[in-house]
Structures are given as C-alpha cells and as structure tokens.
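Listed below are the residues making up each chain.
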Amino acid sequence: MTRTTLLILGASGDLTSRLLLPALAQLLERQPELELDLVGAGTDDWSTERWRAVVRDAFETMRRGSGAHRIADTTYARADVTRADDLRRLIEPVDGALVVYFALPPAVAEEACEAMRDIELPEETVLALEKPFGGDEDSARRLNALLQTLVPEERIFRVDHFLGRATLLKLLGVRFANRAIEPVWSAEHVASVLVRFDETLGLENRARYYDHAGAMDDMLQSHLLQVLAVLAMEPPATLDERDLRDAKAQALRATRLWRDDPATSSRRARYTAGRIDGRELPAYVDEPGVDAVRETETLAEIVCEVRTARWAGVPFTLRSGKALGESRAEIVVTFAPVRHLPSGLSGTPRDGGILRFGLGPETMSLELNVNGGEDGLFALERETLRIEPGDEELYAYTEVLGEILERDVTISVRADSAERCWRIVEPVRRAWERGEVPLEEYRAGSAGPQDWASSQV
Ligand SMILES: O=P(O)(O)OC[C@H]1O[C@@H](O)[C@H](O)[C@@H](O)[C@@H]1O
C-alpha cells in the first residue's frame, strides 16, 4: 500500500479525540503494514505538542493502543478550512495519497468543499464526510454535485458509522446463510420490525450541532434508515460495493411513511429535568446553547412501510432518544403468531418468537416459545438463546476508517441513498413545522411517553 496522508479537518473537535483517534489506534494495531502520516487542522490555536498529547491520550484509551509511536511525528496546523489559501497550505506539501476527513459540522464541511474547488487535489484524493449529509434533499443533492466536481463517486465516503457496527455486518450472515431465517424474512412471517436507539446520554455540550439536528436528523434520517435498508433489502448477488449498495438503495426507494401520513406516523418529544444513574440532568431547554423557540426534539419515532412484495404491510418503526432511563439499542424482529397451535399446549404466545440484534453491545438473541419448563410439561414459556460479542470486536469507527484507507466504499452511503433518506423524512419535518404533531415531554431518566408504538415492544 502506498504511503497515505490522513488529513483531519476539525482535528481539535470532539469527534476527532473521542472517536477518530481511538479508531486509528485500533487500526494501526491491527494493520501493521499501514503506512500513514497524520495531519490535524483546526480553528483552535493549538501547538503541535498539544495535538500530539491529544493523539497520545486517545491512543492510551485503547486497551492495546500501542501504535502511537508510528504517528509520533504527527503535526497540527491552525487553519480556517473554509478558505482556499489555508487548504492549499495543508494540501500542497502532501506527497503520496491523500485522505481528507471532514470532522466538521455539515455547513462548514460544505464550505470547505466549496473552497477546495480552487485548489488542485493530488491524484486519487479521497474525501470522507460525516453525517448528516446536507440538511434536506435539495442541499444533499447540491453537496453531491459539488463533491463530484472534486473527485469521482468511488472516492467519496459518506460516513455512517452504524454501517461499520459488528451487528449490521453480522446481520448479513445471519439473514442470508441460515435456512431457518432466510425464508421467513418477509411479511408472510414477520409481524413488525423495530429499530430503537435509546440513550441515557443527554446533550453532552453538543448544542451547537444537536439543537439544529434533533433526534430525527441525528439518528433516524441517517443511522436508523441505513439499518432499515440492510434489514429490508433483497439478497444481493454479491457483497460487492455495487450489488450491496444497489440493494440498499432499492429498499430505501421503496420506503414510505406509514399510510403516507406524516402526522399519524410520527411522534416527537423533548426531555424535562430529571435524574439518570444518580446524575441530575437539567431540562433540554435549560442546557447551555439551546434555543427553546426552535422546538428541537430529543426523542423521535417514525413508522415506515417498505413497499415491496416482500414487506408491504409490515410496520418498520424507527425510534431514538436521549436522556432516557435505560439505554436500549437494538433491532427487534417480531415474528407473527403461528397459524395453528395444537390444543393441549397451554398459554397463548403473543408472537411467533423474536430475534433481537443489539446495537452496542453487539449481541444477538432469539426468543422462543418453549414448553416443559417450571410451569408444566405442556405449558408454553419464553426462553432466550443468546450470542454474546467476542473480545475481538472492532469499533465501528475502526471498521469505517479501515475501509476509507483501503478505498473500499462498500459500507459508505452512496449519493442516491443519501438524498433518498431525506425524501423519506422530509414530510415529517414539514408536518412538525405546521404543528400537526405535538411536541410531547418526558422526564429525563424516564422511559419516554408510554403510548408510542415503539414503547409497546
Ligand atoms: O453508540 P455510538 O456508536 O456512539 O453512536 C451513537 C451516537 O451516534 C452519533 O452519530 C450521534 O450523533 C450521537 O448523538 C449518538 O450518541
């Protein structure tokens, strides 16, 4: 592999120290052959010494992050990356391959791309952008067009780290390699699908970003629709980038809000003050940097339908929220009750079994109706088979960064899908703006409003 310069724009930000650098540590540990120069650039007036200390600290947070010496000579440059001159200063000295990682808020990333039009990028430059990609379908389309003037699509990475999660990758094997599962993966047997990402974390000083995004753009429009696409897609012929991304794009193209009605297929809520794990949390509106007038939701739910012969009629519910009492992050596939239960078996199972995939920790479990337990020989009870994650799980960001450095776009979001995801949720945002869906409240540390579809599973 040729020597690569990884240039992180937004290096003094939270994403870099919390996620990218630990991922880099794990990657260097795993791939000793990787030849990499690391350059950080940001608006903060940091010295290279300070940057190196940040890099070292992040590497130390990794259990076996011993690779720090391999990028010990990393440098930091103060730069306004929305200015062509500053970018030129960063990019011109690069010798070899260049990967630019935009660890920046979407609007700044877009301005940086604009500025890049004025400079000559090295051959084969790779651009990696974080979600949310644009702010609506039109802006995503504009950003795609802009990026494609800089580098071709196969060198644009629209990062969605959920696609690098072990669960999502393992779902491919579980879905397609098991005769017990593959034929029942359809409306014929599945009653409902829930993708839930409930967090105990509150705002965590991210108002500048989150107060504009809310739970909808932060999680549903991006991560959770990508999860839906992997769950709902038709079996691709191969796991090549093209086949896999075509299959996902097709599933997203078939995805609509339930009954095409944004008002009845969506819910939104915002947390009030409360207590989580012994920690007092102020109400969302009292968090520093929050504009209460904006009515940002911290919990959202939408119900979709994937209008294909395989899935029509099955509700796919997506839900995510912050400051909830319990972190519950999982995919729940509920099978329909059996058509006939022999009399003599007692107890009426409410479903035909449930397959759950944890989204951190990345576990898997199958709940089955089983008789012969404590309640008697022919009494049905629920038993759960579990698969726990191994010690060697890769962090999602490590997987993502590895793919970027290998220039493999398979688990990156393709241009058409990035646009499509906005089209699915935009009617919801508009209905919310028209006031058709009330902004409910829930106490921080509670389970959220109880009458939502997602609260029933
Ligand atoms: O659990 P993970 O992998 O950190 O992912 C969850 C996070 O994903 C990020 O993309 C969101 O912006 C955060 O709000 C969220 O907390």
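Calculation criteria
Residues numbered from 1 in each chain as written. Predicted model: local features only at pLDDT ≥ 70, side-chain atom pairs only at ≥ 80, totals over all residues. Heavy atoms only, no water. Domains from an automatic or database assignment. Contact = heavy atoms within 4.5 Å. Buried area = accessible area lost by both parts, 1.4 Å probe. Salt bridge = Lys/Arg side-chain N within 4 Å of Asp/Glu carboxyl O. Polar contact = N/O pair within 3.5 Å; in protein donor to acceptor, adjacent residues only side chain to side chain. Helix = DSSP H or I, 4+ residues; strand = E, 2+ residues; numbered from the N terminus. Expected span 1.5 Å × (residues − 1). Buried < 20%, exposed > 50% of the residue type's maximum accessible area, 1.4 Å probe, protein only. Arc of directions from axis to C-beta. Near = heavy atom within 4 Å. Areas by Shrake-Rupley, 256 points an atom, 1.4 Å probe, with all protein chains shown as cover. Nonpolar A, V, L, I, M, F, W, Y, C, P; charged D, E, K, R; others polar. Core = buried A, V, L, I, M, F, W, Y, C linked by side-chain atoms within 4.5 Å. Axes fitted to C-alpha atoms, helices over the stretch in contact; angles between N-to-C directions. Parallel < 35°, antiparallel > 145°, perpendicular 65-115°, else oblique. Pairing = 2+ DSSP bridges. Patch = residues over 30% accessible without salt bridge, like charges linked within 9 Å, V, L, I, M, F, W, Y side chains within 5 Å. UniProt positions renumbered as here; feature names shortened; annotations may be inferred.

### A look at the domain arrangement of the protein
And then number 1: What the domain assignment reports for the protein is domain 1 (4-130) and domain 2 (163-455).
And then number 2: Each of domain 1 and domain 2 has a C-alpha centre, and these two points are 31 Å apart.
And then number 3: Listed as interface residues are 23 residues of domain 1 and, on the opposing side, 14 residues of domain 2.
And then number 4: Summed over both partners, the interface of domain 1 with domain 2 comes to about 1,600 Å²; 65% of that surface belongs to carbon and sulfur atoms.
And then number 5: Contact with domain 2 buries area across many residues of domain 1, yet Q26, L27 and R30 alone supply 27% of it, more than any other trio.
And then number 6: Joining domain 1 to domain 2, the criterion identifies zero salt bridges.
And then number 7: Connecting domain 1 to domain 2 are three residue pairs in polar contact (both at pLDDT 80 or more).
And then number 8: Every element with two or more residues in the side of domain 1 that touches domain 2 is listed here: helix 1 (14-30), strand 4 (97-102) and strand 5 (126-129).

### A word on helix 2 (residues 48-60)
And then number 1: Here helix 2 spans 18 Å end to end across 13 residues, near enough to the 18 Å set by a 1.5 Å rise per residue.
And then number 2: Every buried residue belonging to helix 2 is among T48, W51, V54, V55, A58 and F59, and all of these are buried. Projected down its long axis, helix 2 shows its buried positions confined to an angular sector of 135°, all on one face. In helix 2, those exposed residues whose orientation departs by more than 90 degrees from the buried face are E49 and E60.
And then number 3: Buried-residue contacts for helix 2 involve helix 1, strand 2 (36-42) and strand 3 (75-78).

### As for the site of the ligand
And then number 1: Within the structure, the ligand sits among K131, H161, F162, R165, F197, E199, R206, D218, H223 and K322.
And then number 2: Take E199: an N or O atom from its side chain is 2.6 Å from an oxygen atom of the ligand.
And then number 3: The side chain of D218 places a nitrogen or oxygen atom 2.6 Å from an oxygen atom of the ligand.
And then number 4: For the ligand, whose unbound accessible area comes to 390 Å², protein coverage reaches 76%.
And then number 5: When its residues are assigned to classes, the shell around the ligand shows two nonpolar, two polar and six charged.

### Description of the nonpolar core
And then number 1: Formed by 143 residues in total, the largest nonpolar core has its most connected members in L9, Y101, F102 and M116.
And then number 2: Broken down by element, the residue count for this core peaks at 16 residues, all from helix 7 (residues 207-232).
And then number 3: Two domains each put at least three residues into this core: domain 1 (4-130) and domain 2 (163-455).
And then number 4: In contact with M116, other than residues within four places in its own chain, are L9, L87, I91, V100, F102, L121, L127 and L150.

### Things to note about the packing of helix 5 (residues 137-150) against helix 10 (residues 415-433)
And then number 1: Across the interface, helix 5 lies against helix 10 with an axial gap of 8 Å and an inter-helix angle of 170°. It follows that helix 5 is roughly antiparallel to helix 10 by the angle criterion. Across from E137, A140, R141, N144 and Q148 in helix 5, the residues of helix 10 making contact are A415, E419, W422, R423 and E426.
And then number 2: A breakdown of the residues in the contact of helix 5 with helix 10 according to their chemical character gives three nonpolar, two polar and five charged.

### Brief notes about the sheet that holds strand 6 (residues 156-158)
And then number 1: Taken together, the six strands give an open sheet; going across it, the order is 3-2-1-4-5-6, and neighbouring strands pair in parallel fashion. Whereas interior strands pair on both sides, the edge strands pair on one side only; in this sheet they are strand 3 and strand 6. Sheet twist, expressed as the mean angle between neighbouring strand axes with direction ignored, is 20°.
And then number 2: Sheet strands in contact with helix 2 are strand 2 and strand 3, and its direction is about 125° off that of strand 3.

### Some thoughts on a nonpolar patch on the surface
And then number 1: A cluster of nonpolar residues, L368, V370 and L385, forms a patch on the protein surface that exposes about 230 Å² of accessible area.
And then number 2: Position of V370 among the secondary structure elements: in strand 16 (residues 364-373).
And then number 3: Classification of V370 by relative accessible area gives partly exposed; the value is 31%.

### Side note on the pairing of strand 9 (residues 266-272)
And then number 1: In terms of burial, strand 9 is a largely internal element, five of the seven residues being buried.
And then number 2: In the sheet, strand 9 pairs with strand 12 (residues 299-306) via four bridges, with the strands oriented antiparallel. Bridge pairing in strand 12 links A269 to L299.
And then number 3: Relative to strand 18 (residues 439-443), strand 9 runs parallel, the two sharing five bridges. Among the inter-strand pairings, R268 is bridged to a residue of strand 18, identified as L439.

### Observations concerning the pattern of salt bridges
And then number 1: Within the structure shown, the criterion is met by 44 salt bridges.
And then number 2: A salt bridge links D198 to R319, with the shortest nitrogen-to-oxygen separation between them at 2.8 Å. With a gap of 121 residues between them, D198 in strand 7 (residues 190-198) and R319 in strand 13 (residues 316-321) connect regions that are remote in the sequence. The pair formed by D198 and R319 is uniform in burial state, with each residue classed as buried.
And then number 3: A cluster of three or more residues bridged by salt bridges with shared partners is formed by R196, R328, E330, R350, D351, R356, E367 and R382.

### Regarding the UniProt feature "domain: Glucose-6-phosphate dehydrogenase C-terminal" (unreviewed entry) in the protein
And then number 1: Feature annotation in UniProt assigns "domain: Glucose-6-phosphate dehydrogenase C-terminal" (unreviewed entry) to the following positions: residues 174-451.
And then number 2: Between the C-alpha atoms that bound residues 174-451 the distance is 32 Å, and the span itself is 26% helix and 28% strand.

### Some details on the environment of D160
And then number 1: As for its position among the elements, D160 is in the loop between strand 6 and helix 6 (166-176).
And then number 2: Spatially, the C-alpha atom of D160 lies 27 Å from that of D291, the residues being 131 residues apart in sequence.
And then number 3: The residues contacting D160, other than those within four sequence positions of it, are S222, H223, Q226, V400 and V413.

### Things to note about unusual backbone geometry
And then number 1: The residue after K131, namely P132, is reached through a cis peptide bond having omega -5°.
And then number 2: The step from G360 to P361 runs through a cis peptide bond, and the omega angle for that step is -5°.
And then number 3: Here P361 shows up in the loop between strand 15 (354-358) and strand 16.
And then number 4: For N205, which is not a glycine, the phi torsion comes out positive at approximately 60°.
And then number 5: Note on placement: N205 falls in the loop between strand 7 and helix 7.
And then number 6: Residue classification places N205 among the exposed residues on the basis of a relative accessible area of 73%.
And then number 7: Its identity is not glycine, yet D277 carries a phi of approximately 50°, on the positive side.
And then number 8: Mapped onto the elements of the fold, D277 is located in the loop between strand 10 (274-276) and strand 11 (279-281).
And then number 9: The class of D277 is exposed, set by a relative accessible area of 68%.

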